[in-house]
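What follows is the residue order along each chain.
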Amino acid sequence: MSLLVLGANSLIAQAAASHFAEAGHKIIFAGRIQDEPEKFAKDFSIRYNIECTSEIVDALDYSTHKKFAEDVISKDPELDYILIVLGYLGTQEKAQSNFDEAHRIIDTNYTGVVSVCELFAAEFETRKKGTIAAISSVAGDRGRQSNYMYGSAKGALSVYLQGLRNRLAKCGVNVLTIKPGFVNTPMTYGMPLPKPLVASPQKVGKDIYKAMIKGKSVVYTPFYWRWIMFIVKSIPEFIFKKLKL
Ligand SMILES: NC(=O)c1ccc[n+]([C@@H]2O[C@H](COP(=O)([O-])OP(=O)(O)OC[C@H]3O[C@@H](n4cnc5c(N)ncnc54)[C@H](OP(=O)(O)O)[C@@H]3O)[C@@H](O)[C@H]2O)c1
């Protein structure tokens, strides 16, 4: 059994991958910075005594995605699990006045992920097995003034994954939507977040592993975000628009 993880140097990716490694799965680390995925592959293969390889992929370089998918599939015909962790928070304020920033946020979190997913979806559909998991966000559950560029891309990704799950369910392929709340990673460093609600990448990685193995459809991580977002989504719009969120 093997796992392909895109966004190799995310702490969440490494935490989730460590559980697959402990279970003896082969791991393919993919990332966009030369040498980085290779570094993680070497480290994991020594630490867990498993087979690991590496690939280079840039979510925004769409023309390379077909070759990337073909390379991965030809090197590992037994690929079972794909975990897409890559994402870009960007700066909301900058994105409001600079469309390049908005474009990058939308394309990294949505268009690039869709491009890669469709290639592996077609392969898994033919094989009639496999799991595709991608990290969306609770930010995609309701638009807020503080991060609606990122939130809208993640919201679009959640709907995309919902549709893909609906398409692939009949041929035995599972699609998992992962919705983390606040996680202590470089993405959130320096942000004034409520400490009790900030989870470790290890906790989120473990939740992701369990949800992938169990064949879940949607996982909020930590679990209480399902209830927090239930409340947030229930606030009537006439009240919500007066809140500074
Ligand atoms: N941290 C949170 O509070 C939080 C909450 C909800 C959801 N999430 C989501 O969780 C996932 C992991 O985020 P993180 O918190 O671990 O942040 P992170 O450390 O910034 O990880 C983001 C990952 O995406 C990769 N990436 C960015 N642009 C890319 C591109 N064009 N092509 C390929 N890879 C690219 C980064 O690679 P480089 O290092 O090369 O840039 C990095 O590996 C993301 O999807 C994020 O949106 C995070």
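Report follows, based on the coordinates.

What counts and what doesn't
- Residues numbered from 1 in each chain as written.
- Predicted model: local features only at pLDDT ≥ 70, side-chain atom pairs only at ≥ 80, totals over all residues.
- Helix = DSSP H or I, 4+ residues; strand = E, 2+ residues; numbered from the N terminus.
- Rg over C-alpha atoms; globule rule 2.2 N^0.38 Å.
- Buried ≥ 20, exposed ≤ 12 C-beta atoms within 10 Å, placed from the backbone.
- Axes fitted to C-alpha atoms, helices over the stretch in contact; angles between N-to-C directions.
- Parallel < 35°, antiparallel > 145°, perpendicular 65-115°, else oblique.
- Left-handed = near helix turned anticlockwise from the far one by under 90°.
- Contact = placed C-beta atoms within 7 Å.
- Nonpolar A, V, L, I, M, F, W, Y, C, P; charged D, E, K, R; others polar.
- Near = placed C-beta within 6 Å.
- Pairing = 2+ DSSP bridges.
- Right-handed = clockwise from strand over helix to strand, strands pointing away.

1. Observations concerning the overall build of the protein chain
Scanning the protein chain for helices and strands turns up nine helices and nine strands. Rg of the C-alpha trace for the protein chain: 18 Å, near the compact-globule value of 18 Å for 245 residues, within the 12% margin. Overall size of the protein chain, expressed as C-alpha extent along the three principal axes, is 55 × 35 × 35 Å. Within the protein chain, the fraction of its 245 residues that count as buried is 40%.

2. What about the packing of helix H1 (residues 11-22) against helix H7 (residues 201-214)?
As a packed pair, H1 and H7 sit with axes 8 Å apart at the nearest point and diverge in direction by 50 degrees. Here H1 lies oblique to H7, going by the angle between them. Note that H1 runs across H7; the crossing there is right-handed. For the pair H1 and H7, contact is made by Leu11, Ile12, Ala15, Ala16, Ser18, His19 and Phe20 and by Pro201, Gln202, Val204, Gly205, Lys206, Ile208 and Tyr209, respectively. Looking at the contact of H1 with H7 residue by residue, the class counts come to nine nonpolar, four polar and one charged.

3. Regarding the site of the ligand
In the vicinity of the ligand lie 25 residues, with Ser10, Ala59, Gly87, Thr185 and Met187 positioned nearest. Contributions of two or more residues to the shell around the ligand are made by H1 and strand E7 (182-183). Residue composition of the shell around the ligand, grouped by class: 14 nonpolar, nine polar and two charged.

4. Some words on the pairing of strand E1 (residues 2-6)
Among the five residues of E1, five are classified as buried, and the element is accordingly described as predominantly covered. By the alternation rule, side chains of E1 split into Ser2, Leu4 and Leu6 and Leu3 and Val5, which are all buried. As paired elements, E1 and strand E2 (residues 26-31) share five bridges and run parallel to each other. Bridge pairing in E2 places Leu3 opposite Ile27. In this region the chain leaves E1, passes through H1 and returns to the parallel neighbour E2; the handedness of that crossover is right-handed. Strand direction decides the pairing type here: E1 and strand E4 (residues 79-84), joined by five bridges, are parallel. Of the residues in E4, the one forming a bridge with Leu4 is Ile82.

5. What to know about the sheet that holds strand E9 (residues 218-221)
The strands making up a sheet associate through backbone hydrogen bonding, with each pair oriented either parallel or antiparallel. Spatially, seven strands are ordered E3-E2-E1-E4-E5-E6-E9 in an open sheet, and the strand pairing comes out parallel. The open sheet has two edge strands with one neighbour each: strand E3 (52-56) and E9. Strand-to-strand twist in this sheet, taken as the mean axis angle between neighbours without regard to direction, amounts to 20 degrees. Note that E2 and E3 share five bridges and pair parallel. Paired with Ala30 across the bridge in E3 is Glu55. Docked against the sheet, helix H6 (residues 148-168) engages strand E5 (131-135) and strand E6 (174-180), running at close to 160 degrees with respect to E6.

6. Describing the packing of helix H3 (residues 65-75) against helix H5 (residues 99-127)
Two numbers describe how H3 lies on H5: the axes approach to 9 Å, and their chain directions differ by 40 degrees. Considering their axes alone, H3 and H5 lie oblique with respect to each other. In the packing of H3 onto H5, the handedness of the crossing is right-handed. Note on element contacts: H5 touches H3 through Ser115, Val116, Leu119, Phe120 and Glu123, opposite His65, Lys66, Ala69 and Ile73. Residues of the contact of H3 with H5, tallied by class, amount to five nonpolar, two polar and two charged.

7. Observations regarding the environment of Val159
The residue Val159 is located in helix H6 in this model. Put simply, Val159 and Gly7 are 152 residues apart on the chain and 21 Å apart in space, counted from C-alpha to C-alpha.

8. Topic: unusual backbone geometry
Cis geometry is adopted by the peptide bond preceding Pro222, which originates at Thr221 and carries an omega value of -15 degrees. One can find Pro222 in the loop between E9 and helix H8 (225-234). Of note in the backbone geometry, Asp35 takes a positive phi value of approximately 80 degrees without being a glycine. Mapped onto the elements of the fold, Asp35 is located in the loop between E2 and helix H2 (36-48). Although it is not a glycine, Lys128 adopts a positive phi angle of roughly 65 degrees.

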